[in-house]
Amino acid sequence: MKLAFNEATTLENSNLEDDLILCEKHGFDFIEIRLDKLKEYLITHSVGDLQNFFSSANLKPLSLNALEEFTFRNQTEFNLMKQDLSLMSEVATAIDCDTIVAVPTFGIEKDWEEIKRETVVRLREFLDLIKGTDLKLALEFVGYPDCSINTLDKAQEVVEVVGNPQVGLVLDCFHFYAMNSSYEALKNLSIDDLFLFHIDDCEGKLPGVLRDHHRLWPGEGVIPLETIITLLYEKGFEGPASVELFRPEYWELEAEKCISKAKDKTIHLLEKALQKILK
Ligand code: ZN
């Protein structure tokens, strides 16, 4: 299974320029570029510099992430978000990347039908902006109690209503586990809707209590990753798996150490899972 690196893993101990060099050096196949690191990079570099890097590297861009909390915004905020999407579209097209991640808003105490309606409307507005391109929008549900979409089945419902092949899902093992998403939903997930797969593990805290900083290297926590990978594999999903951690302790490591460790831990876990499947 191909391997990707999500830049959140080195959120505070590296930048895009170094993440690119180090991920290439350590043999990652893909990188998921964070919008904040991209904007910082573009202060001193051009989109052409990024294009040049990828044209001579084995490392390829997997996604740009993310349009954060895109629902229930006022018009000004949403227009700024559309501006972010325009920047991401321009960069994605230039570097031959086809996926942009969108994350729903937190702290919304509205009925599900209203949340669903708003999410669908906003995704369709984004779709208008990328009409005629090969770009795809990947909706990432977040396993926090107060996220407006916090389980796989609810995210699937939204994608179904949008009903456009340019809109699909991110399945993040931490978010799946953290609000007790159902295995039934995972079994029902269509591979065509699965745009990105985030691999991570976490401490043994209860669903509803878990937060991003409880994430652990794959294989070091309590998430039944092998079961999840087996289910996906049986559906025909072949990756890539993108390691995405937000653990402050890991941000204290040297960036290179963090990146090489992320690779080793993820490969080890994937090999273990795939060995079982192929037995
Ligand atoms: Zn994720």
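As the structure is a prediction and not an experimental result, all values here were calculated from the model.

Novice: Help me understand the overall build of the protein chain in this model?
Specialist: A count of helices and strands for the protein chain gives 11 helices and 10 strands. In terms of overall dimensions, the protein chain is globule-like: its C-alpha atoms have a radius of gyration of 18 Å, near the 19 Å expected for 279 residues. Principal-axis analysis of the C-alpha atoms places the extent of the protein chain at approximately 45 × 45 × 35 Å. In the protein chain, of all internal contacts separated by at least 6 residues, the share reaching a separation of at least 24 is 81%. As displayed, the protein chain has an accessible area near 12,200 Å², and 47% of this comes from carbon and sulfur atoms. One finds the centroid of the 29 positive side-chain charges in the protein chain at a distance of 3 Å from the centroid of its 50 negative side-chain charges.

Novice: I would appreciate a short explanation of the coordination of the zinc ion in the present structure.
Specialist: For a metal with four donors in a tetrahedral arrangement, the ideal angle between donors is 109.5 degrees, while six donors in an octahedron ideally sit at 90 or 180 degrees. Ligation of the zinc ion by protein atoms is provided by Glu140 (OE), Asp172 (OD), His198 (ND1) and Glu244 (OE), these donors lying 2.0 to 2.1 Å from the ion. Geometry at the zinc ion is irregular, judged from the four donor atoms that bind it and their angles of 84 to 164 degrees at the metal.

Novice: I keep staring at the packing of helix α4 (residues 75-95) against helix α5 (residues 112-129) and nothing clicks. Help me out?
Specialist: The angle between the axes and the distance between the axes are what describe a pair of packed helices. Where α4 contacts α5, the axes come no closer than 10 Å and their chain directions differ by 40 degrees. It follows from the interaxial angle that α4 and α5 lie oblique. Note that α4 runs across α5; the crossing there is right-handed. Where α4 abuts α5, its residues Gln75, Phe78, Met81, Lys82 and Leu85 lie against Arg122, Glu125, Phe126 and Leu129. Across the contact of α4 with α5, the residue classes break down as five nonpolar, one polar and three charged.

Novice: Which parts of the structure should I look at to understand the nonpolar core?
Specialist: Nonpolar side chains in soluble globular proteins tend to end up buried together. Ranked by size, the top nonpolar core spans 98 residues in total, and within it Leu137, Leu171 and Phe197 carry the most contacts. Among the elements that take part in this core, helix α11 (residues 255-278) stands out by supplying eight residues, more than any other. Leaving out residues up to four positions away in the same chain, Leu171 has contacts with Phe141, Leu152, Phe176, Leu186, Leu194, Leu196, Phe197, His198, Ile228 and Leu232.

Novice: I'm lost on the packing of aromatic side chains in this one. Help?
Specialist: Here the structure, examined in full by the defined rule, presents eight aromatic pairs. Between the aromatic rings of Phe176 and Tyr183, the centroid separation amounts to 5.2 Å while the plane-to-plane angle is 80 degrees, which identifies the pairing as edge-to-face. For Phe176, a relative accessible area of 3% translates into the label buried. When the ring of Phe197 is compared with that of Phe237, the centres are 5.8 Å apart and the planes differ by 80 degrees; the resulting orientation is edge-to-face. Here Phe197 is found in strand β7 (residues 194-199), whereas its partner Phe237 is found in the loop between α9 (225-235) and β10 (241-243), with 40 residues between them in sequence. We classify Phe197 as buried; its relative accessible area is 1%. We classify Phe237 as buried; its relative accessible area is 7%. Taken together, Phe70, Phe78 and Phe126 form an aromatic cluster joined through their ring pairs. Over the ring of Trp112 we find Lys154, and its NZ or CZ is 5.3 Å from the ring centre. When the ring centre of Tyr250 is taken as origin, the NZ or CZ atom of Arg247, which lies over that ring, is 5.8 Å away.

Rules behind the numbers
- Residues numbered from 1 in each chain as written.
- Predicted model: local features only at pLDDT ≥ 70, side-chain atom pairs only at ≥ 80, totals over all residues.
- Heavy atoms only, no water.
- Helix = DSSP H or I, 4+ residues; strand = E, 2+ residues; numbered from the N terminus.
- Rg over C-alpha atoms; globule rule 2.2 N^0.38 Å.
- Contact = heavy atoms within 4.5 Å.
- Areas by Shrake-Rupley, 256 points an atom, 1.4 Å probe, with all protein chains shown as cover.
- Lys, Arg positive; Asp, Glu negative; His and termini not counted.
- Charge placed at Lys NZ, Arg CZ, Asp CG, Glu CD.
- Donors = N, O, S within 2.8 Å, 3.2 Å for Na, K, Ca; no water.
- Tetrahedral: all angles 85-135°; square planar, octahedral: opposite > 155°, others 65-115°.
- Axes fitted to C-alpha atoms, helices over the stretch in contact; angles between N-to-C directions.
- Parallel < 35°, antiparallel > 145°, perpendicular 65-115°, else oblique.
- Left-handed = near helix turned anticlockwise from the far one by under 90°.
- Nonpolar A, V, L, I, M, F, W, Y, C, P; charged D, E, K, R; others polar.
- Core = buried A, V, L, I, M, F, W, Y, C linked by side-chain atoms within 4.5 Å.
- Buried < 20%, exposed > 50% of the residue type's maximum accessible area, 1.4 Å probe, protein only.
- Phe/Tyr/Trp six-rings, centres within 6.5 Å; stacked < 30°, edge-to-face > 60°.
- Lys NZ or Arg CZ within 6 Å of the ring centre and 35° of its normal.

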